[in-house]
Structures are given as structure tokens and as C-alpha cells.
Amino acid sequence: MQTVFSIAIDALAYGMVLFVISIGLSVTMGLMRVVNLAHGAFAMIGGYIASYVARDLGMGYAVAVIAAVVITIIIAIPIERLLYRRIYGQPELTQVLMTIGITFCIIGIANYVMGPTLKTIPLAGPLQGTADLGFRTISIHRLFAIVCGLVVALGLWFAIEKTSFGVKLRASVDNAAMAAALGVRTEIVYAVSFAVAVGLAAFGGVVGAELLPVEPYYALRYMVTFLVVVSVGGAGSIPGALIACLVLGAVDTTGRYLMPEFGEFFFYLAVIAIICVFPRGFAGRAK
Amino acid sequence: MTVAMNNQTTLSRPRGGSFKRDLIGVIVIIVFAALGYVLFPDNLALLTRILAVALLVLSLDLVTGYCGVATLGHAALFGSGAYAAGILSAHYGINDPFLMTMGGIGAGAVAGLLCAVIMLRAHGLPQLVLSIALIYLFHEFANKASSWTGGSDGLAGIMPDAVFGIYEFDLYGHTAYFFGIALLLIVFVLLRILVRSPFGMLCRGIKEDPLRIRAMGASPNAALTKMYVISGAVAGTGGALSAISTQVVALDALSFTQSAEALVMLVLGGTGSLFGALAGTLIFMLFEDYVSAANPFHWLTMVGVLLIAVVLFAPKGIYGTAAAYFSRRREGSQ
């Protein structure tokens, strides 16, 4: 029973961290139709900045999170302007080549600037330690990650379903040319959603640093995981991404707890099974 | 046949002189092989490695360049060939290099069939993700079956006999190099015939418009499965060559990194052209070797910059862009 409980908490926390990072990727992929393999690199940049601000400058955890999100967005804007603009609407292979190139560059630069060692982000005082639920104690950081995931999911749901920007975003996802003809400034919608996606990636990178440790090869190691989650959920769908993160997080964590010697075998077996049953992902739509 | 005829008109490939182009291709490969042998006599291991990877990239070109199936898991076929050849030698004592190569070809074809059955169920991004999941499954399976594959220690104890009983596999890699060149030449000529055949044209047609091919009465999935099996045989040849030449098979042969690098090499050279696949492999492997030796700290950044530059300035790949440039020049001068 205790094992089941701790697996459930870990799976939930892991799934939520995956969700926070990959939901941005899902939105940009649904909206801009770009296979962005460099998304994990932005999460890694966020983690590095937070580590630098909190550990080397000695600022608080909250300052570190905000700095990570803001600075990562500032770094991402010229990259979007100069490089991503060129690959919108190009074949998938070109996009894969370009974004793998960007990932390699960011890894090389991170390795040079921050060194090859693993970076930790010191947690704020209230987030350390454990909470006593009466029958079990759980780490507060895990709870924090779960709450962050829920807040992001609810916030995005509200922004997309209830605000006028959300209406424009959904219109652009469905038919960008028609939305532009009706007066939606699609390039602004693109720019804002790219910025939000990168910011969420950085946020997820910081919050999830305990589960996905920050080091130079982070971008390459988890790139595939994020891409898989988005594809299983169906690109551009928030509920789909949430379900995919929870299911795959549960499968992966359970596999690691009960049969650690199999590594990621069950994770990828589940991916194949799901895609064979739902070829467009859980919430994918026909093009 | 009607399908093939129809596609030839849409593809507007030059028909005349195809035999001449084959001959030129073979001569170019031989010239490069001789140049490599003369210029880098101490580095034949790297050159043989390039030959093995070139076979992998050629096989990837068959499914990605000719059929339009994007995959990041093609090393599964390469690694299956390598392990089959290695296991034949290390566990069954079958040390004849030709039998080992045949084993690699067979295992690669079986792995190709398996991948095709799973991969062809989806399209676009889910297909790409399926290929990634497949390569990880192959990797974990090889890691778990360590009594057969040696797990993460690698499969050692591969002792290939002399070729024709005369040419021993020596320490300097001379025999392995010539063996590799011979394999590459044979595969290259066979593939040139294959991609020009009606079947090759059918596959190009499927890449352009699968719906129209189905309307013409051909089955895209059957053709793609067949091409995948052929591609597996080619990749298995490369795997067997790498097992025979290095006499060890590591888990790297079945890795996502190997697959991604193969795709990068293919796109770098230019998809849909056998020359492009060869050029991309040669340029990428030499570049990687040179940069990682010159500056081990920055080589990944350099590779990244190279990839970005190719997308921005040579979107059809290096060979594709060069070929387009020369054909424009020729038209301009006429």
C-alpha cells in the first residue's frame, strides 16, 4: 500500500512536470506546425539561469523562477526571429535538421559557459522537508510540482477558452489563412504563443529540476520524451497533453519502481501501443 | 507498369545516359576509395567506419528519400545486422565473412519487416515518434538479452576468417577496407538498378501522392513494406561490415543517436539521391572527426552551426543544391 502511494505521488509529480514543459511544445506544434526539437533546450536554459541566480547570486527561489522565465524568453526571441521564421511551412525533415542544429549549439554553449557538471537549484525554505498527511509523509516539493502543473493547466484552459486572445489563437490553429483574412494579426498570435511556450518550458525546467536534473545533455536526453508526450497527446490539445503526461508518467514511474532493470522499455512499449490504437494521439484531429 | 509510366512523366528525370551516370558513380567511388587509401593509410579504421555508415545512410535514403517515410529509428536495422553477424561468429563459430554478411542481411531484412508493420500504421509526427519508440525498444531489448548480446559491455569474441581463405583481417584494417569498398560498390550498383526500376518509380509516386497511386490500383502499404525490407537488407549489410571490421558490436549500433546522425547525414547530402546520401555521409563523418579532434570542447556547437547553415543556405542538401546549380548553368549555356 505504501509503495502504491509513493508511486502514485511520484508519478503525478513527474507527469505534471512533463506537462508544464511539453504543453508549450504542444501549442507551438499545433499552431505553427513546427517539429521543434529544441524545446528541451529552452527548459535547460531556464534551469541554468535559475541555478545561477539562486546559487551563485544568492537570490531567493521566487526571484530565480521569474528571472529564468524572463531571461529565457529574451534569449528565445532573436532565435525565433532569425531561425524559426525560415522553417515555418517547410518539410518536416528540414525542421528536424534545423532544430537539432539549434539544440547542438545550445548544448555546446551551455557546456562551455556553465561547465559539464550537474547544477542544482537550492529550494526555498518552505519547499524543503516533508508534509505529514497523517498516514503518510510526502515531500513538499513534489506537492509544489503537482500544484504548479494544475495551475498551468487551469490558467491555459482559461486563457484559451475564455479570453478573446484564446479565440484568435484557436482560429489561427484551425485555419491560419482564414483567420488572417478575418483580421486576426496571426504573426502577433504566433509571437505571443511562442514566447508563452518558451516561458513555460523555462518554468517547467526550474520546477522539475529535482526530477530532471539540469546538465548540458538535458536538451538531448529529454528532447525525445517531450516530443513523444506531445505526439501521444495530439499536437495542440491541452486535455490530450494532460492525459498523455499522466498516463506516460504513471507507466514510466511504475516501471522504474518495480522493474528498474528494464529502464525505459515499458515507457516506449506504451507509446507504441497508444499510437497504434490512436494514430493521431489521444485528442488529435484529422487534418 | 502503367503506374511507372505515369510517374516518369511527372518526375521529369533525364532518361538518356543513365548507364553512363552509373559508371561515373562507380568510378567516383573507386577514386575516392583510392584517395582515402593513399592519403590516410594510418586511418583505415575511420574510413571503414564511414563505409559502414554510408550503407546505413543509403538504406535510410531508400525509405526517407524515395518513399517519404521520415524515421529517427533506422539504426534498429543497422544494429540488428551487426548483432546477427556478431552472434553468428561469437556464439555459433560461423566465421566466414560472407556467411556473416548474409546473416546480417537476413536479420536486417527481418527487422525492416517488423519496423514496417508498426511504422506504417501512422503518418507524419506520430510516425516519427513510433520510430523513436522502436529504436529505444530495440536498444533496451539488446541491453536485457545480455547473454546473447553482451549487454552494455558489448559483444566481443568476433573472429572473422580470412576472405577466400587468403586475405586475413589484419591489425591495420587493409582487408576490412577493401571488403567494405567491394560491398559498397555491389550495393550501390544494385540500388541504382532498383531505384530506376518500375518498383522504384512506384515508390517515388507514393511519396508524391499516395492517394493517386491507390486510385491507380497499386497498394502503397505493400510497396512501402517491400522497400522497407530491402532497406533493412542494405542496413544489415552495413551492420555486418561494422561487426566484421571492428570485431566488436556495442549497444551504440542500436542507439537513437546513431539513427539521428544518419538522418542528419542524409538531409545534409540531399534526400532522394544515392549520390547525396554518400556525399552527406562522407562530409559529415570527416567534419565530425576533424572538428572533434581539433577542439573536443566545441565540436557539438560546430556541428550545430553546420546544420543550421545547411538549412539556411543549401535547403536541398549539399549534393542537391550543387546538382541544381550545375543543371541551371548547363541550361543557361545552351
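Heads up: the structure comes first, above all this text.
Because the structure is predicted, anything quoted here is derived from the model rather than measured.

(A) How the structure looks around the overall build of chain A. For chain A, the count of helices and strands is 11 helices and two strands. For chain A, the sequential pattern of α-helices and β-strands runs α-α-α-α-β-β-α-α-α-α-α-α-α. Computed over the C-alpha atoms, the radius of gyration of chain A is 19 Å, within 12% of the 19 Å expected from 2.2 N^0.38 for a compact globule of 287 residues. Residues counted as buried form 55% of the 287 residues belonging to chain A. Long-range contacts, defined as pairs at least 24 residues apart, comprise 75% of the intrachain contacts of chain A with a sequence gap of at least 6.

(B) Focus on the overall build of chain B. Counting secondary structure elements, chain B contains 15 helices and zero strands. Relative to its length of 334 residues, chain B is compact, with a C-alpha radius of gyration of 20 Å against a globular reference of 20 Å. The dimensions of chain B, computed from C-alpha atoms along their principal axes, are 55 × 45 × 45 Å. Expressed as a percentage of the 334 residues in chain B, the buried residues total 56%. The long-range share in chain B, meaning contacts at least 24 apart out of those at least 6 apart in sequence, stands at 78%. Roughly 14,800 Å² of accessible area belongs to chain B as shown, and the carbon and sulfur atoms make up 66% of that amount. Measuring between centres, the 18 positive side-chain charges of chain B sit 19 Å from its 16 negative side-chain charges.

(C) Quick look at the state of the cysteines. All names here are of chain A. Per the counting criterion, the structure on display carries zero disulfides over all chains. We note that Cys 245 lacks a disulfide partner, and the nearest cysteine sulfur, in Cys 148, lies 14 Å from it. Since its relative accessible area comes to 0%, Cys 245 is described here as buried.

(D) Broad picture of the interface of chain A and chain B. On the chain B side, the residues contacting the 40 residues of chain A number 35 residues. In this assembly, chain A packs against chain B so that about 3,600 Å² is buried in total across both faces, 84% of it on carbon and sulfur atoms. Applying the counting criterion to the chain A and chain B interface returns zero salt bridges. The interface formed by chain A and chain B includes one residue pair in polar contact (both at pLDDT 80 or more). When residues of the side of chain A that touches chain B are traced back to their parent elements, those giving at least two are α3 (61-87), α4 (92-114), α9 (218-233) and α11 (265-277) of chain A.

(E) Broad picture of the environment of A:Val167. Tracing the chain through its elements places A:Val167 in helix α6 (residues 164-174). Measuring from C-alpha to C-alpha, the distance between A:Val167 and A:Gly155 comes to 15 Å, with 12 residues separating the pair along the chain.

(F) Representation of the packing of helix α1 (residues 2-32) of chain A against helix α10 (residues 238-258) of chain A within the structure. All names here are of chain A. One can describe the packing of α1 onto α10 by two numbers: an axis separation of 7 Å at closest approach and a directional angle of 135 degrees. One way to sum up the angle between α1 and α10 is to call them oblique. Both α1 and α10 take part in a crossing whose hand is right-handed. Seen from α1, the contacting residues are Ser 6, Ile 7, Asp 10, Ala 11, Leu 12, Tyr 14, Gly 15, Met 16, Leu 18, Phe 19, Ser 22 and Ile 23; seen from α10, they are Ile 238, Ala 241, Leu 242, Cys 245, Leu 246, Gly 249, Ala 250, Asp 252, Thr 253, Thr 254, Tyr 257 and Leu 258.

(G) Representation of the pattern of salt bridges within the structure. Summed over all chains, the structure comprises six salt bridges over all chains. With a shortest N-O distance of 3.3 Å, A:Asp252 and A:Arg256 are connected by a salt bridge. Note that A:Asp252 and A:Arg256 are positioned in helix α10 at a spacing of four residues, about one turn of the helix. Given a relative accessible area of 2%, A:Asp252 falls into the buried group. On the basis of relative accessibility, which here comes to 41%, the residue A:Arg256 falls in the partly exposed class. Counted as one network, the salt bridges with shared partners bring together B:Asp22, B:Arg192 and B:Arg196.

(H) View of the nonpolar core. Counting 204 residues, the largest nonpolar core has A:Phe42, A:Tyr84, A:Ile102, A:Val228, A:Leu248, A:Val271 and B:Phe256 as its most contacted members. Per element, the largest residue contribution to this core is 15 residues, and it comes from helix α3 (residues 44-65) of chain B. Setting aside residues no more than four positions away along its own chain, B:Phe256 makes contact with A:Met223, A:Val224, B:Leu72, B:Ile132, B:Ile135 and B:Tyr136.

(I) Focus on the environment of A:Arg170. All names here are of chain A. Structurally, Arg 170 can be placed in helix α6. Of the residues examined, Arg 170 reaches a relative accessible area of 33% and is grouped as partly exposed. Placed 139 residues apart in sequence, Arg 170 and Leu 31 show a C-alpha to C-alpha distance of 8.4 Å. Apart from the residues lying within four places of it in its own chain, the contact partners of Arg 170 are Ile 160 and Glu 161.

(J) Summary view of α6(A). Residues and elements named next belong to chain A. Considered for burial, the residues of α6 that qualify are Gly 166, Leu 169, Ser 172 and Val 173. Looking straight down α6, one finds its buried side chains confined to an arc of 125 degrees; they lie on one side. Exposed positions of α6 whose direction lies more than 90 degrees from the buried face are Ser 164 and Asp 174. Buried residues along α6 sit in contact with α1, α5 (140-162), α7 (176-181) and α8 (186-207).

(K) View of the packing of aromatic side chains. The final tally for this structure, using the stated rule, is 16 aromatic pairs over all chains. Each ring, one from A:Tyr84 and one from A:Phe194, has its centre 5.3 Å from the other, and the planes form 55 degrees; the classification is tilted. With A:Tyr84 in helix α3 and A:Phe194 in helix α8, this pair connects stretches of sequence that are 110 residues apart. Each of the two residues, A:Tyr84 as well as A:Phe194, counts as buried. Look at A:Tyr218 and A:Tyr222: their rings are 5.0 Å apart centre to centre, the planes differ by 70 degrees, and that puts the pair in the edge-to-face class. With A:Tyr218 and A:Tyr222 both in helix α9 and four residues apart, the pair spans about one turn of that helix. What makes A:Tyr222 buried here is its relative accessible area of 14%. Taken together, the ring pairs connect A:Phe267, A:Tyr268, B:Tyr136 and B:Phe256 into an aromatic cluster. Looking at B:Lys226, its charged tip hangs above the ring of B:Phe199, at a distance of 4.5 Å from the centre.

(L) How the structure looks around α1(A). Residues and elements named next belong to chain A. Between its first and last C-alpha, α1 extends 44 Å over 31 residues, near the 45 Å set by a 1.5 Å rise per residue. Where α1 bends most, the angle comes to about 35 degrees, and this point is Ser 22. Counting buried positions over the 31 residues of α1 gives 26, a clear majority of the element.

The rules behind these values
Residues numbered from 1 in each chain as written. Chains lettered and ligands numbered in written order. Predicted model: local features only at pLDDT ≥ 70, side-chain atom pairs only at ≥ 80, totals over all residues. Heavy atoms only, no water. Helix = DSSP H or I, 4+ residues; strand = E, 2+ residues; numbered from the N terminus. Rg over C-alpha atoms; globule rule 2.2 N^0.38 Å. Buried < 20%, exposed > 50% of the residue type's maximum accessible area, 1.4 Å probe, protein only. Contact = heavy atoms within 4.5 Å. Areas by Shrake-Rupley, 256 points an atom, 1.4 Å probe, with all protein chains shown as cover. Lys, Arg positive; Asp, Glu negative; His and termini not counted. Charge placed at Lys NZ, Arg CZ, Asp CG, Glu CD. Disulfide = S-S within 2.5 Å. Buried area = accessible area lost by both parts, 1.4 Å probe. Salt bridge = Lys/Arg side-chain N within 4 Å of Asp/Glu carboxyl O. Polar contact = N/O pair within 3.5 Å; in protein donor to acceptor, adjacent residues only side chain to side chain. Axes fitted to C-alpha atoms, helices over the stretch in contact; angles between N-to-C directions. Parallel < 35°, antiparallel > 145°, perpendicular 65-115°, else oblique. Left-handed = near helix turned anticlockwise from the far one by under 90°. Core = buried A, V, L, I, M, F, W, Y, C linked by side-chain atoms within 4.5 Å. Arc of directions from axis to C-beta. Phe/Tyr/Trp six-rings, centres within 6.5 Å; stacked < 30°, edge-to-face > 60°. Lys NZ or Arg CZ within 6 Å of the ring centre and 35° of its normal. Expected span 1.5 Å × (residues − 1). Bend = angle between axes of the 7 residues up to and from the residue.

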